[in-house]
Amino acid sequence: MLQKIRENWDKILQLMRDEYDISPVGYETWLKPLQVESVDEDNHIVNIVIMDPKIETIGLNFIKKKYSFVLQISIEEVTGFKCTVHFYSKGQADTIKEPELPEVKDSSLMTIMQNANLNPKYTFDTFVVGSNNKMAHAAALAVAESPAEIYNPLFIYGGVGLGKTHLMHSIANFILKNDPSKRIMYVTSEKFTNELIDSIRNKNFTTATQFREKYRNNDVLLVDDIQFIIGKESTQEEIFHTFNTLHEAKKQIIISSDRPPKEFETLEDRLVSRFEWGLTVDIQSPDYETRMAILRKKEEMDGYNIDNEVIKYIANNIKSNIRELEGALTKVIALSKLDNKEINLDLAEEALKDFISPNQDMEITPETIINVVADHYKCTPADLISSKRNKEIVIPRQIVMYLCRSMTDCPLQMIGKYLGGKDHTTIINGIKKITKQLDTDENMKTTIDVLKKKINPT
Ligand SMILES: Nc1ncnc2c1ncn2[C@@H]1O[C@H](COP(=O)(O)OP(=O)(O)OP(=O)(O)O)[C@@H](O)[C@H]1O
């Protein structure tokens, strides 16, 4: 087994990196220096030595805490060997034998979680509750405690990197922990679409049946980022039937999206109405206290105790995306490890100099607005700038005109220039159209609110 693990070592590390979202710097710093020292086949123990003298002492606990579990799973996945890993710094390798880690007891549950495409790190325990996500958290917990009994479907929406996926996985992990026999499947709507296309392409009855079974034969189905089904008719059809089958069988459905169901203007009504059958909850950007609490939680999980000034600096400067907030803390920690320096404000400023630009609170520009609106309507900025006259482009373009007028100081003529040289009468007409619609159309109000938040989340 030693030989097999050694031969596949690069593959195992790469699997960890790709499957568990380990950043390039994390990979280089923590994983590359790891080598397999020996294997105790009887006790299923793999002994790993940390070869880099720079990190072997300071990084030992960190690596143990953070990577033991994913390394165990990756070794099992690549070589089939179910094991516990023990880490040693180079000097300890021959002498120390540590007690077995508790994680191995859960390894069958972990395999079930993996098969359901779940990230075991995303649990309610690691999810910080703040005013921005209180409702969503409460609804998620209620669904986890009583699947298919209260809110079905549960529809969670919110901006990028705000914790929708984390919350969905928390529900599924909670259910599985209580009852590992539950059949659970997590999928992004993109992956669902790709698998559907594959099953149709093969034109093979078995493949189509297998695909349906995979998604319909579940107690809980979680579909992330449902907005990507817009404009994909076969996927919508399949989602519709999958939804009906599961709902009729009283199985739980959980959906996430970047917008509420009523904002799916081009989606069939029958789907939109189904999405609204249960409960719709949103997640907003975190306030300062929540950002601080999230950073504190992450620091605690990674085994650090970082100066309050540093945490405040990050929380003050990264406001709208929790993924970026976490990334910033990871960067600061990594730099301190690499340079073997104490974590203080100077080091944080150095580590984040490309991340936090002094101009980040700069005024909003028409370019930003065009990009956000294009992303929201799943068209391209070039479509909005073009002279295309179809409704799918004309309305978003008029929204750009309205938002440029209400969110920037840009003169009408300049807005016209940003939109590919439209004259100022066209811009005025566009703005009037949206302003008028806002008086009567609730959907338009919600759309404008959502877009304004995306453009200026603070
Ligand atoms: N309330 C929270 N407490 C702790 N960590 C959080 C919280 N919200 C988000 N995170 C962390 O932020 C990162 C991004 O969260 P997640 O992937 O769930 O966002 P998302 O809303 O699904 O993003 P996307 O729109 O890109 O799909 C994850 O690492 C997650 O663990």
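- Named according to an unreviewed UniProt entry, the chain is Chromosomal replication initiator protein DnaA originating from Qiania dongpingensis.
- Note on the chain: under the UniProt heading Subcellular location (unreviewed entry), the record states "Cytoplasm".
- Quoted verbatim from the Subunit (unreviewed entry) field of UniProt, the annotation for the chain is "Oligomerizes as a right-handed, spiral filament on DNA at oriC."

## Describing helix 11 (residues 233-248)
Turning to step 1, where the next piece is worked out: Helix length check: helix 11 (16 residues) gives 22 Å between terminal C-alpha atoms against 22 Å at 1.5 Å per residue, within 8%.
Turning to step 2, where the next piece is worked out: When we look at burial in helix 11, the residues that qualify are Thr 235, Gln 236, Glu 238, Ile 239, Phe 240, Thr 242, Phe 243, Asn 244 and Leu 246.
Turning to step 3, where the next piece is worked out: Backbone geometry just after helix 11 places Lys 250 at a positive phi near 60°.

## Here we look at the pattern of salt bridges
Turning to step 1, where the next piece is worked out: What the rule picks out here adds up to 17 salt bridges.
Turning to step 2, where the next piece is worked out: Across the salt bridge formed by Arg 259 and Asp 258, the nearest N and O atoms sit 2.8 Å from each other. Each member of the pair Arg 259 and Asp 258 is classed as buried.
Turning to step 3, where the next piece is worked out: Salt-bridge contacts for Asp 258 lead to Lys 454; the nearest nitrogen and oxygen are separated by 3.3 Å. In this pair, Asp 258 is assigned in the loop between strand 7 (252-257) and helix 12 (269-275) and Lys 454 in helix 22 (residues 442-455), connecting sequence segments 196 residues apart.
Turning to step 4, where the next piece is worked out: Overall, Asp 258 belongs to the buried group, its relative accessible area being 11%.
Turning to step 5, where the next piece is worked out: One salt-bridge network, in which partners are shared between bridges, spans Arg 183, Asp 219 and Lys 251.

## Digging into the sheet that holds strand 6 (residues 220-224)
Turning to step 1, where the next piece is worked out: Within the open sheet, the five strands sit side by side as 5-6-7-4-8. Their pairing is parallel. Each edge of the open sheet carries a strand with a single partner, namely strand 5 (184-188) and strand 8 (279-283). Across the sheet, the mean angle from the axis of one strand to that of its neighbour is 15°, orientation sign disregarded.
Turning to step 2, where the next piece is worked out: With five bridges connecting them, strand 5 and strand 6 associate as parallel partners. When the sheet's bridge partners are listed, Met 185 is paired in strand 6 with Leu 221.
Turning to step 3, where the next piece is worked out: Sitting on the sheet, helix 7 (residues 134-145) is in contact with strand 4 (154-158), strand 7 and strand 8, with an inclination near 135° to strand 8.

## Considerations on the layout of surface pockets
By rolling a water-sized probe across the atoms, one finds the places where empty space is left.
Turning to step 1, where the next piece is worked out: Its boundaries defined by the atoms lining it, the second largest pocket holds a volume of some 480 Å³.
Turning to step 2, where the next piece is worked out: Elements that contribute at least two residues to the lining of the second largest pocket include exactly helix 19 (391-407) and helix 22.
Turning to step 3, where the next piece is worked out: Sorting elements by how many residues they give to the lining of the second largest pocket places helix 19 first, with five residues.
Turning to step 4, where the next piece is worked out: Here the lining of the second largest pocket is built from residues that sort into eight nonpolar, six polar and seven charged.
Turning to step 5, where the next piece is worked out: Composition of the lining of the second largest pocket by domain shows at least three residues from each of domain 2 (110-282) and domain 4 (366-455).

## As for the pairing of strand 3 (residues 84-89)
Turning to step 1, where the next piece is worked out: Extensive coverage of strand 3 is indicated by the burial of six of its six residues.
Turning to step 2, where the next piece is worked out: Alternating positions in strand 3 separate into two faces, Thr 84, His 86 and Tyr 88 on one and Val 85, Phe 87 and Ser 89 on the other, with burial throughout.
Turning to step 3, where the next piece is worked out: The pairing of strand 2 (residues 45-50) with strand 3 spans six bridges and is classified as parallel. Each bridged residue has a counterpart across the sheet, and for Ile 45 the counterpart in strand 3 is Thr 84.

## A few points about the site of the ligand
Turning to step 1, where the next piece is worked out: The environment of the ligand is made up of 18 residues, and the closest members are Val 128, Lys 164, Thr 165, His 166 and Glu 326.
Turning to step 2, where the next piece is worked out: One of the backbone N or O atoms of Val 128 is found 2.8 Å from a nitrogen atom in the ligand.
Turning to step 3, where the next piece is worked out: At a separation of 2.5 Å, an oxygen atom of the ligand approaches a polar side-chain atom of Thr 165.
Turning to step 4, where the next piece is worked out: Starting from 630 Å² of accessible surface for the ligand in isolation, the protein chains cover 90%.
Turning to step 5, where the next piece is worked out: Those elements giving two or more residues to the shell around the ligand turn out to be helix 8 (164-178) and helix 15 (322-339).
Turning to step 6, where the next piece is worked out: Its residues assigned to classes, the shell around the ligand shows seven nonpolar, seven polar and four charged.

Rules used throughout
Every residue gets a number counted from 1 within its own chain, in the order that chain's sequence is written. This being a predicted model, a pLDDT of at least 70 is required before a residue's local features are given, and a value of 80 or more before pairs of side-chain atoms are given or counted; all residues contribute to the totals for chains, interfaces and linings. As a rule here, side-chain values come from all non-hydrogen atoms in the structure, and water together with hydrogens is ignored. UniProt positions are given in the numbering used here, feature names are shortened, and annotations may be inferred rather than shown by experiment. Numbering of helices and strands starts at the N terminus; helices are DSSP runs of H or I of at least 4 residues and strands are runs of E of at least 2. Multiplying 1.5 Å by the helix residue count minus one yields the expected span of that helix. Working definition: with a 1.4 Å probe on protein chains only, accessible area under 20% of the residue-type maximum means buried, over 50% means exposed, and in between means partly exposed. Salt bridges, as used here, are contacts in which a Lys or Arg side-chain nitrogen is within 4 Å of a carboxyl oxygen on Asp or Glu. When DSSP finds two or more bridges between a pair of strands, those strands are recorded as paired. To obtain each axis, a line is fitted to C-alpha atoms, and for helices this fit is confined to the stretch in contact; angles are then taken between N-to-C directions over 0 to 180 degrees. By definition in these notes, contact holds between two residues if any of their heavy atoms fall within 4.5 Å. Cavity: a set of points on a 1 Å grid over the protein atoms alone where a 1.4 Å probe fits but cannot get out. Pocket: an open set with protein on both sides within 12 Å along at least five of seven lines, its lining residues, like those of a cavity, having an atom within 4 Å of a point. Grid points are joined across faces, edges and corners, and a volume is the space filled by probe spheres set on the points. As a working rule, the residues Ala, Val, Leu, Ile, Met, Phe, Trp, Tyr, Cys and Pro are called nonpolar, Asp, Glu, Lys and Arg charged, and the rest polar, with Gly in that last group. In this document the domain limits rely on a domain assignment from an automatic tool or a database. By convention in this text, a residue qualifies as near a molecule or strand provided that one of its non-hydrogen atoms is within 4 Å of it. Polar contact is the term for a pair of N or O atoms within 3.5 Å; when the atoms are in protein, one must be able to donate a hydrogen and the other to accept it, and sequence-neighboring residues count only if both atoms are side-chain atoms. Each accessible area is a Shrake-Rupley result for a 1.4 Å probe, and residues are judged covered by the shown protein chains and nothing else.

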